[in-house]
Amino acid sequence: MRAGFIGVIGKANAGKSTLINVLVGEKVAIVSPKPQTTRHSIMGVLTREEYQLVFVDTPGIYRSSNRLTDMMMKATDDTAKDADFILYVHDGHGGVSDSDIELMKKYLSGKLPMAIAYTKTDIMPKERIAEDVKKLYENGVDCDIFPVSARKFHNVRKLEKYLAEQMPEGGKVIEEDIVSDKSEKFMIAEIMREKILLKFDDEIPHGIAIVINKFERSENGTYDINLDIICEKANHKAILIGKQGRAIKEVSSFARQGMEKFLEAKVFLTTYVRVETDWRNRPGLIKDVFIV
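Computed from a predicted structure; not experimentally measured. (Residues numbered from 1 in each chain as written. Predicted model: local features only at pLDDT ≥ 70, side-chain atom pairs only at ≥ 80, totals over all residues. Heavy atoms only, no water.)

Participant: Help me understand the environment of A83 in this model?
Facilitator: Residue placement: A83 occurs in the loop between α2 (67-82) and β4 (85-91). According to the relative accessible area criterion, A83 is buried, its value standing at 8%. Separated by 28 residues in sequence, A83 and F55 have C-alpha atoms that sit 9.2 Å apart. Sequence-distant contacts of A83, defined by excluding residues within four places in its chain, comprise F5, I6, G7 and L112. (Helix = DSSP H or I, 4+ residues; strand = E, 2+ residues; numbered from the N terminus. Buried < 20%, exposed > 50% of the residue type's maximum accessible area, 1.4 Å probe, protein only. Contact = heavy atoms within 4.5 Å.)

Okay, structure coming up:
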């Protein structure tokens, strides 16, 4: 039996969460095309008969500009020190820049072994893959590189087997029936945030947060959920609510369906939108948002 922790690290929007969800086989992290979709380190657990892989999905590496981003980057760096192995996820579709090489070499220079998952190969010219891999090796990025497509499931099982071989020998590190370390309440907040990011695209920046006020299950199995959607500006609130409340009703309905699928139960959802100026620099609010 082999088992261990794999720190999944990379730039924002590299495809880390999508890859982990596919590897684990269940949704453990939300996905959207925006940077800072993942704000927490989230565990996704894959247990097979011969091995157990505990993926730690980290916030995307992003230029720090506020207290929230500082906390996110600390979570990423802590994971890079505490795991058994680093899987650096690189967006192959975006090419290879000098900053990409610099970041890869930074994590390669640490004490942990590392491999690179070169993602999104289904939406790029195949000939460019070999060119980019050659460029990485020529610039001192000396580790195993796996071109993968999470959406097409290309090379995903090959990557899984490789990672299993890198794990230390020993018993399971997580109970077998657990697929994530996050609570149902946390995941409900993340589902709400995901649906907002997907619906509003560029209309609303990533400065959106969710605070759960009520999360209760009745005797008949129905969940009563009351939450606040926090934004930073009055015009963002107007966009979120929409004309005659249509936008908030639509996104709430979308989110409720996702919640019911996740909880496998009926959900009664109440949502409010409130403005908290510059909340990402306010420690009290960050605590409410960062630890659900």
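Participant: Help me understand the sheet that holds strand β8 (residues 223-231), please; the structure alone is not making it clear to me.
Facilitator: Strand pairing within a sheet occurs via backbone hydrogen bonds; the two strands may be parallel or antiparallel. The strand order across the open sheet formed by three strands is β7-β8-β9, and the pairing between neighbours is mixed. Edge positions in the sheet fall to β7 (209-217) and β9 (267-275), since each of these pairs with one other strand and no more. Within this sheet the neighbouring strands show an average axis-to-axis angle of 15°, counted without direction. As paired elements, β8 and β9 share nine bridges and run parallel to each other. Within the sheet, the bridge partner assigned to D224 lies in β9 and is F268. (Pairing = 2+ DSSP bridges. Axes fitted to C-alpha atoms, helices over the stretch in contact; angles between N-to-C directions.)

Participant: So what exactly am I meant to see when it comes to the pattern of salt bridges here?
Facilitator: A side chain with one charge can pair with a side chain of the opposite charge if their charged atoms come near. Under the counting rule described, the total for this entry stands at 15 salt bridges. Between R151 and D122 there is a salt bridge, with its nearest N and O atoms 2.8 Å apart. Placement of R151 in the loop between β6 (144-147) and α5 (156-166) and of D122 in the loop between β5 (114-119) and α4 (126-138) is noted, with a sequence separation of 29 residues between them. With relative accessibility at 65%, the residue R151 sits in the exposed group. In this structure, a network of salt bridges that share partners links the residues R48, R157 and E160. (Salt bridge = Lys/Arg side-chain N within 4 Å of Asp/Glu carboxyl O.)

Participant: Where do I start with the confidence of the model for the protein chain in this structure?
Facilitator: Note: predicted coordinates in regions of low pLDDT should not be interpreted at a detailed level. Confidence along the protein chain averages 83 in pLDDT terms, with 79% of residues attaining 70 or more. In the model, residues 30-39 has pLDDT below 50 throughout and makes 55 contacts with residues more than four positions away in sequence or in other chains. (pLDDT = per-residue confidence, 0-100.)

Participant: It is not clear to me how the pairing of strand β1 (residues 2-9) should be interpreted in this structure. Could you clarify?
Facilitator: Along any regular strand, the residues point their side chains to alternate faces of the sheet. Counting buried positions along β1 yields six of eight residues, so the element is predominantly enclosed. Note that β1 and strand β3 (residues 51-57) share seven bridges and pair parallel. For F5, the partnering residue across the bridge sits in β3 and is V54. Alignment of β1 against β4, held across four bridges, turns out to be parallel. Residue pairing for β4: V8 is matched across the bridge by L87.

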